[in-house]
Amino acid sequence: MSGEGDKVVLGGVSLHKWFGNVHAVNNVSFTLSQGEILSIVGPNGAGKTTLLNLVSGIIKPDDGRVYVYGERGRIDITGKPPYYITFLGVGRSFQIPNIFDGLTVRDNIRFAVLAYKKRMTRFNRGYGFYEDVEEIVDNVVNIFRLEEVIDKYGSELSHGERKKLDIALSFAQSPRVLLLDEPTSGLTYSEKLEMVDLIKSLRRERNVSFIVVEHDLDVVREVSDMLMVMYDGSVLAYDKPDVVIQMSEVISAYLGGEVL
C-alpha cells in the first residue's frame, strides 16, 4: 500500500560509501512514499545497515544525496547530524537497542520527548514536568503496550521489551519516517507477531512510513509494500515483494536457489 497520492517523504540518490577497499554502498537510490513500508534484505555485509546509517546521519556518504520532503519542500540532509535529521521527522532504531539502562521505561520516554522539545534542563533539575510532555509519554506507553513495565528500569527489561522501547523512543519524537534495523531479531514467535502488528498499526493509524532492514522473510512478506535486495553493497532488485522473490538472480544470489 503506497501513501496518499504517492507523496514522497524520503529519498536517496546514487549513494556511495567506501570503507577502505570495501565499497559498502554502491550507487544505491530509493524513494519512500507517505505511509509506505520499504523492506531491505540481503546477506550479512550487503550494506543494509550502512545505508540506514547514511540516511540517519550517523555516517556521511562519499557521494550521492539524501533528501527529506515536506511542507518546506525538498531538504538536503546529506551528511547532516542525526539530531538535525530527527527534527525533520526521521527516527531510527538499532539492532542493539539504544536505551538508558539506568532509567525507568517512563523516564526513557520522557527523556526522548524532552530532548525533542529542547526542554532537557527541566529533566536535569529533577522533574518539573510539563503537562503536554506527560500526555505524550502516556500516549506512547499505551501505543507500545508498555504499561506493565512502565516502572521497570531498562536493565530489567527482556530483549523483546527493550526492542519495543527502542522504537518507542524514536516514535516519541514525532517521526514521519522510522528506520528500523532488524526489529524482530532475537524475538520469540509471539513477540514477532506483536512487532508486525505494531508496525502495521503505526502505518495505518499514524501514517508513519518505514524502511525496515529485516532477515525474517515471513515478516518481510507480511509488512512490505516494496522490497529491496542488496548484495555486495549494490541493489540487486527493487520492486514489489511478489515480483522480487521470483527473480532468478535474487533466488540464486540470496536464497541459495530456493524460492521463498
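Details of the structure are given in the entry above.
About the thresholds
- Residue numbers run consecutively from 1 along every chain, following the written order of its sequence.
- Local features are withheld for residues below a pLDDT of 70 in this predicted model, meaning they are given only at 70 or higher, and side-chain atom pairs are given and counted only at 80 or more; totals for whole chains, interfaces and linings count all residues.
- To get the side-chain values, all heavy atoms of the structure are used, and hydrogens and water are removed first.
- Secondary structure elements are taken from DSSP: a helix is a run of H or I of four residues or more, a strand is a run of E of two residues or more, and numbering for both begins at the N terminus.
- Exposure is judged per residue with a 1.4 Å probe applied to protein chains only, and the accessible area is read against the type maximum: over 50% gives exposed, under 20% gives buried, and values in between give partly exposed.
- The contact rule is simple, with two residues in contact once any of their heavy atoms fall within 4.5 Å.
- The accessible surface values rely on the Shrake-Rupley method and a 1.4 Å probe; as for residues, cover is taken only from the protein chains in view.
- To obtain an axis, a line is fitted to C-alpha atoms, over the contacting stretch when the element is a helix, and the angle between two such axes runs from 0 to 180 degrees between their N-to-C directions.
- Working definition: roughly parallel below 35 degrees, roughly antiparallel above 145 degrees, roughly perpendicular at 65 to 115 degrees, and oblique for all remaining angles.
- Should the near helix be turned anticlockwise from the far one by less than a right angle, the crossing is termed left-handed; should it be turned clockwise, right-handed.
- Ten residue types, Ala, Val, Leu, Ile, Met, Phe, Trp, Tyr, Cys and Pro, are classed as nonpolar, four, Asp, Glu, Lys and Arg, as charged, and the remainder, Gly among them, as polar.
- Multiplying 1.5 Å by the residue count of a helix minus one yields the expected span of that helix.
- Whether two strands pair comes down to DSSP finding at least two bridges between them.
- Salt bridge, as used here, is a side-chain nitrogen of Lys or Arg placed within 4 Å of a carboxyl oxygen of Asp or Glu.
- To define a nonpolar core, start from buried Ala, Val, Leu, Ile, Met, Phe, Trp, Tyr and Cys residues and group those joined through side-chain atoms within 4.5 Å.

Looking at this structure, how should I read the overall build of the protein chain?
For the protein chain, the count of helices and strands is ten helices and ten strands. Per-residue burial over the protein chain gives 51% buried out of 260 residues. Long-range contacts, defined here as pairs at least 24 residues apart, represent 65% of the contacts in the protein chain between residues at least 6 apart. If you sum the accessible surface of the protein chain, you get close to 12200 Å²; carbon and sulfur atoms cover 48% of it.

Please clarify how the packing of helix 6 (residues 159-171) against helix 7 (residues 189-206) should be interpreted in this entry.
A packed helix pair is summarised by two numbers, namely the angle formed by the two axes and the spacing between the axes. Helix 7 packs onto helix 6 with a crossing angle of 15° between their chain directions and a minimal axis gap of 11 Å. One element, helix 6, and the other, helix 7, form an angle in the roughly parallel class. Taken as a pair, helix 6 and helix 7 cross one another with a handedness that is right-handed. Contacts between helix 6 and helix 7 involve G160, K163, K164, I167 and F171 from the first element and E191, E194, M195, L202 and R206 from the second. Within the contact of helix 6 with helix 7, the residues separate by chemical class into four nonpolar, one polar and five charged.

I'm lost on helix 6 in this one. Help?
Along an α-helix, residues three or four apart share an orientation, since each turn contains 3.6 residues. Taking 1.5 Å of rise per residue, the 13 residues of helix 6 would be expected to cover 18 Å, and the 19 Å separating its terminal C-alpha atoms lies within 8% of that figure. Within helix 6, eleven of the 13 residues are buried, leaving the element largely enclosed by the surrounding structure. The complete set of buried residues in helix 6 reads G160, R162, K163, K164, L165, D166, I167, A168, L169, S170 and F171. Elements in contact with the buried residues of helix 6: strand 6 (90-92), helix 3 (105-116), helix 5 (131-143), strand 7 (177-181) and helix 7.

Can you walk me through the sheet that holds strand 1 (residues 8-19) in this structure?
Two strands in a sheet stick together by hydrogen bonds in their backbones, pointing the same way (parallel) or opposite ways (antiparallel). Reading across the sheet, the four strands line up as 2-1-4-5 and stay open at both edges, with antiparallel pairing between neighbours. Edge positions in the open sheet fall to strand 2 (22-33) and strand 5 (73-76), since each of these has one partner strand only. Each adjacent strand pair in this sheet contributes to an overall mean axis angle of 20°, direction not counted.

What am I meant to see in the pattern of salt bridges here?
Two side chains that carry opposite charge are able to pair once their charged atoms sit near each other. Inspection of the entire model under this criterion finds 14 salt bridges. Taking the shortest distance from any N to any O, the salt bridge between D101 and R162 comes out at 2.8 Å. Within this pair, whereas D101 is found in the loop between strand 6 and helix 3, its partner R162 is found in helix 6, the two being separated by 61 residues in sequence. A salt bridge links E134 to R110, with the shortest nitrogen-to-oxygen separation between them at 2.9 Å. Of this pair, E134 sits in helix 5 while R110 is found in helix 3, placing the two residues 24 residues apart along the sequence. Like E134, the residue R110 is buried in the burial classification.

What is the right way to look at the nonpolar core in this model?
As a rule of thumb, nonpolar side chains are buried together in soluble globular proteins. Core analysis: the largest hydrophobic core is formed by 36 residues, its most contacted members being I109, F144, L146, L165, L202 and F210. Mapped by element, the contributors of at least two residues to this core are helix 3, helix 5, helix 6, strand 7, helix 7, strand 8 (209-213) and helix 8 (217-223). Those residues in contact with L202, other than ones at most four positions away along the chain, are I143, F144, F171, L178, N207, V208 and F210. Listed in part, the 28 residues of the second largest apolar core include V9, F30, I40 and V66.

Would you mind showing me how to read unusual backbone geometry here?
The phi angle of most residues is negative, glycine excepted, and most peptide bonds adopt the trans form. Positive phi is not limited to glycine here, since R145 has a value of about 55°. Take R145: it is sitting in the loop between helix 5 and helix 6. Owing to a relative accessible area of 48%, R145 belongs among the partly exposed residues under this scheme. Even without being glycine, D232 reaches a positive phi, approximately 55°. Counting through the fold element by element, D232 comes out in the loop between strand 9 (226-231) and strand 10 (234-239). Exposure remark for D232: the relative accessible area of 57% places this residue in the exposed category.

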